[in-house]
Amino acid sequence: WHAGTSGNTQAKGDGPYEGETNTIIIIAAQVAIGDDNATYAARVCNELQITEGAKTYYDWYLPSKEELYEMYLNKATIDATALANGGTAFDIYYWSSTEEDDATAWVQRFDDGTQGACSKGGIYYLRAIRSF
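Calculation notes
Residues numbered from 1 in each chain as written. Predicted model: local features only at pLDDT ≥ 70, side-chain atom pairs only at ≥ 80, totals over all residues. Heavy atoms only, no water. Helix = DSSP H or I, 4+ residues; strand = E, 2+ residues; numbered from the N terminus. Rg over C-alpha atoms; globule rule 2.2 N^0.38 Å. Contact = heavy atoms within 4.5 Å. Areas by Shrake-Rupley, 256 points an atom, 1.4 Å probe, with all protein chains shown as cover. Lys, Arg positive; Asp, Glu negative; His and termini not counted. Charge placed at Lys NZ, Arg CZ, Asp CG, Glu CD. Buried < 20%, exposed > 50% of the residue type's maximum accessible area, 1.4 Å probe, protein only. Salt bridge = Lys/Arg side-chain N within 4 Å of Asp/Glu carboxyl O. Polar contact = N/O pair within 3.5 Å; in protein donor to acceptor, adjacent residues only side chain to side chain. Pairing = 2+ DSSP bridges. Axes fitted to C-alpha atoms, helices over the stretch in contact; angles between N-to-C directions.

Moving on to the overall build of the chain. Per the secondary structure count, the chain includes four helices and five strands. Taken from the N to the C terminus, the helices and strands of the chain come in the order α-α-β-β-α-α-β-β-β. Its C-alpha radius of gyration of 14 Å places the chain within 12% of the 14 Å reference for a compact globule of 132 residues. Its C-alpha atoms give the chain principal-axis dimensions of about 40 × 35 × 25 Å. Contacts spanning at least 24 positions in sequence make up 59% of the contacts within the chain whose residues lie at least 6 apart. Approximately 7,100 Å² of the chain is accessible, and the part contributed by carbon and sulfur atoms is 52%. Of note, the chain has its 9 positive side-chain charges centred 3 Å away from the centre of its 19 negative side-chain charges.

Below you can see the structure in the form of C-alpha cells.
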C-alpha cells in the first residue's frame, strides 16, 4: 500500500467515488514522504493504461472500501465478465484506498465479504477501477 515508509496520508474517504480522491491524496503524500520512485498500490492504479480498439483508458484509481464492497456484492458478474475477456477472477484479499491510520489501510476479503485494517507493508492484490 505504501512506498516503503508509513505515514498518515489522510486518505480517509470510504464512500462511492472517494477512491479517486484517495488515490490522488496517497500519491501526493507518498511523494512528500519520499517514495524513492517505488511501486505501490495507488501509483500502479493511477498509471494503468488500457487500450481497447482505438481508445486508451488512463483514468484508473484504487477503489475505496465501499467501492470494493460493491465489487464483492457483484463478484459473480465481474468474475464472469473478466474471465470472458481474458482477465482473472477475484482472489481473496484486495487493498482499498481507504486509510485507517499511519500504519494500516482497509482490505476487502472476496471469499467472505469482510473488511479489516491491515499493515500498509502487507502484500495484497489490487483491482484498479474507473468511473464512467
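All right, on to the side chain of glutamate 67 then. By the element assignment, glutamate 67 lies in helix α3 (residues 65-73). Within the buried set, glutamate 67 has no salt-bridge partner at all; the shortest N-O distance to an opposite charge, 12 Å, is to arginine 130. From its side chain, glutamate 67 meets the backbone nitrogen of serine 64 in a polar contact 2.7 Å long.

On the secondary structure map, isoleucine 26 appears in helix α1 (residues 18-33). Measuring from C-alpha to C-alpha, the distance between isoleucine 26 and threonine 9 comes to 5.8 Å, with 17 residues separating the pair along the chain.

On the basis of which strands lie adjacent, the open sheet formed by three strands has the order β3-β4-β5 and antiparallel pairing. Here the strands that pair on one side only, and so sit at the sheet edges, are β3 (93-99) and β5 (115-119). Averaged over all pairs of adjacent strands, the angle between strand axes in this sheet comes to 45 degrees, irrespective of strand direction. Judged from the four bridges that link them, β3 and strand β4 (residues 104-109) form a sheet pairing that is antiparallel. Looking across to β4, one finds that glutamate 99 is bridged to alanine 105. Against the sheet, α3 touches β3, β4 and β5, its axis set at about 10 degrees to β4.

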